[in-house]
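Residue strings, one per chain:
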Amino acid sequence: MNPVRTIDTALIGLGNVNRNFLRILEMKEAELAQRYGLAFRVVCVADSSGVAVNPAGFDPAATRQAKEAGHPVRTLPGFVAGASPAEVLATLACDLVLEASPVDLTTGEPGLGVTRATLARGIPVVLANKGPLVLAYRELHDLAESTGAGLAFSATVCGALPVINIGRRDLIAAEIQGLRGIFNATTNFILAEMATGRSYADALAEAQRRGIAETDPTLDVEGWDTANKLVIVANSVLGIDATLVDVSVTGITGVTAEHLEAEEASGSTIKLLASAERRGDGYALVVKPTVVASDSFLGQCNGWEMGIEIQSDLYGRMYHKIWEREPLPTAAAMLRDAVNLLRG
């Protein structure tokens, strides 16, 4: 049996993802200790109401249940009045930060400030929040390199599907000629439901009920969540300095049941695709509803599935997909990143 190392952990954001991380700690405490020699002690939690600190550790089940019952962090013992998450993390004794606060594409806060403050101290950060990477990818990686801090973010693209890991770790020496994928399960579910006659509003409400839709659903349906993920893939896998201004974005709000019905009659369907097509020394980055054959790989990614096709010179054409209709797999991706960082 491995000797067990206690990891003092801060959870920033207690929405669906980090609440499910707490659930994983409840379920997998013994396995994490036995297989990986790790015990995660949650010493800091934060939500929109503020930050609470408990050096002895918050009980994962009690904390999750309190939040699910509607009790904000400000009601927890150890609440730090008037302090932001970044201010607390500038001095907090901890070994790891898991950042899963809501995406903000204007300021990146609180995630960007948290990530900067933590990496500056040499503390590893795992992100499910796409905002900091979309707004400051190169800055954050330079900061992590300068302090020796780990920075992982596989949960930011397609939940538990290891798109980032495959692209960065497994396609050694390859030139990626192009890729395209369904990066957003919410829009894929909505389009599939509309094709069966369900209304757009009902399908979106179902996605929100399951906790899959973003806090601001316009990020999903207008294509920006997919664009965020494409920017992260472009920087981390394709090796180009891309931002949102480099992506042509069209969402699904203009797609009607009539459009879907017409395509179905011709053996096709409509999917919200992200694509990166090689153009000279760079790539054309596009997000838009796209007609694909119903019997193609992406055409058969239905409902809660997400998938990606990658074409490279060395590895040929690769196909990967996942079925994910709840936040638990995304939380598991954060755990995966955390374990890999800590063991590495």
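Below: a short report on this structure. Everything quoted here is computed from the prediction, not taken from an experiment.

## A word on the environment of valine 97
Right, so step 1: Here valine 97 shows up in strand E5 (residues 96-99).
Right, so step 2: Measuring from C-alpha to C-alpha, the distance between valine 97 and isoleucine 252 comes to 34 Å, with 155 residues separating the pair along the chain.
Right, so step 3: Dropping the residues within four chain positions of it, valine 97 is found in contact with Ala10, Ile12, Leu89, Val114, Thr118, Ile123, Pro124, Val125 and Val126.

## Considering helix H10 (residues 224-238)
Right, so step 1: Here H10 is 15 residues long and its end C-alpha atoms lie 19 Å apart, about the 21 Å a rise of 1.5 Å per residue gives.
Right, so step 2: In terms of burial, H10 is a largely internal element, 14 of the 15 residues being buried.
Right, so step 3: Phi turns positive one or two residues past the end of H10, at glycine 239, with a value near 75 degrees.

## Brief notes about the packing of aromatic side chains
Right, so step 1: Tallied over the entire structure, the rule returns four aromatic pairs.
Right, so step 2: Both rings, one in phenylalanine 189 and one in tryptophan 304, keep their centres 4.0 Å apart while their planes meet at 15 degrees; by these two values the pair is stacked. Placement of phenylalanine 189 in helix H7 (residues 185-195) and of tryptophan 304 in the loop between strand E11 (282-293) and strand E12 (305-312) is noted, with a sequence separation of 115 residues between them.
Right, so step 3: Of the residues examined, phenylalanine 189 reaches a relative accessible area of 6% and is grouped as buried.
Right, so step 4: Measuring from ring centre to ring centre gives 5.0 Å for phenylalanine 297 and tyrosine 319, while their planes differ by 65 degrees; the resulting arrangement is edge-to-face. Of this pair, phenylalanine 297 sits in the loop between E11 and E12 while tyrosine 319 sits in strand E13 (residues 316-323), and the two are 22 residues apart along the sequence.
Right, so step 5: A relative accessible area of 43% places tyrosine 319 in the partly exposed class.

## Let's talk about the side chain of glutamate 305
Right, so step 1: Here glutamate 305 is to be found in strand E12.
Right, so step 2: For glutamate 305, the side chain forms a polar contact with the main-chain nitrogen of asparagine 302, separated by 2.8 Å.
Right, so step 3: When residues no more than four places from it in sequence are discounted, the contact partners of glutamate 305 are Ile182, Asn188, Gln300, Lys321, Ile322 and Trp323.

## Remarks on the sheet that holds strand E4 (residues 79-80)
Right, so step 1: Taken in spatial order, the seven strands make up an open sheet running E4-E3-E2-E1-E5-E6-E7, and their pairing is mixed. In the strand order of this sheet, the two ends are held by E4 and strand E7 (151-152), each with one partner.
Right, so step 2: Bridge count between E5 and strand E6 (residues 125-127): three bridges; the pairing is parallel. Residue leucine 98 lies in a different strand from E6, and its bridge partner there is valine 126.

## What about the packing of helix H4 (residues 111-120) against helix H5 (residues 131-147)?
Right, so step 1: It is the contact of H4 with H5, at a shortest axis distance of 9 Å, that shows an interaxial angle of 10 degrees. It follows that H4 is roughly parallel to H5 by the angle criterion. Contacts between H4 and H5 involve Gly111, Leu112, Thr115, Arg116, Leu119 and Ala120 from the former and Pro132, Ala136, Glu139, Leu140, Leu143, Ala144 and Thr147 from the latter.
Right, so step 2: Taken together, the residues of the contact of H4 with H5 break down into eight nonpolar, three polar and two charged.

## Digging into the pairing of strand E10 (residues 268-279)
Right, so step 1: Summarising the sheet, strand E8 (residues 176-182) and E10 pair through four bridges and their orientation is antiparallel. Along E10, the bridge assignment pairs leucine 179 with alanine 276.
Right, so step 2: Examined bridge by bridge, E10 and E11 share twelve bridges and lie antiparallel to one another. In the sheet register, alanine 274 faces E11, and the bridge partner there is valine 287.

## Here we look at the state of the cysteines
Right, so step 1: This model, assessed by the stated rule, comprises zero disulfides.
Right, so step 2: Its sulfur unpaired, cysteine 44 is 7.3 Å from the next cysteine sulfur, which belongs to cysteine 94.
Right, so step 3: Given a relative accessible area of 0%, cysteine 44 falls into the buried group.
Right, so step 4: When its relative accessible area of 11% is taken as the criterion, cysteine 94 is described as buried.

## Here we look at unusual backbone geometry
Right, so step 1: With an omega of 5 degrees, the peptide bond running from glutamate 109 to proline 110 counts as cis.
Right, so step 2: Although it is not a glycine, cysteine 158 sits at a positive phi angle of roughly 65 degrees.
Right, so step 3: Along the chain, cysteine 158 turns up in the loop between E7 and helix H6 (163-170).
Right, so step 4: On the basis of relative accessibility, which here comes to 0%, the residue cysteine 158 falls in the buried class.

How each quantity is defined
- Residues numbered from 1 in each chain as written.
- Predicted model: local features only at pLDDT ≥ 70, side-chain atom pairs only at ≥ 80, totals over all residues.
- Heavy atoms only, no water.
- Helix = DSSP H or I, 4+ residues; strand = E, 2+ residues; numbered from the N terminus.
- Contact = heavy atoms within 4.5 Å.
- Expected span 1.5 Å × (residues − 1).
- Buried < 20%, exposed > 50% of the residue type's maximum accessible area, 1.4 Å probe, protein only.
- Phe/Tyr/Trp six-rings, centres within 6.5 Å; stacked < 30°, edge-to-face > 60°.
- Polar contact = N/O pair within 3.5 Å; in protein donor to acceptor, adjacent residues only side chain to side chain.
- Pairing = 2+ DSSP bridges.
- Axes fitted to C-alpha atoms, helices over the stretch in contact; angles between N-to-C directions.
- Parallel < 35°, antiparallel > 145°, perpendicular 65-115°, else oblique.
- Nonpolar A, V, L, I, M, F, W, Y, C, P; charged D, E, K, R; others polar.
- Disulfide = S-S within 2.5 Å.

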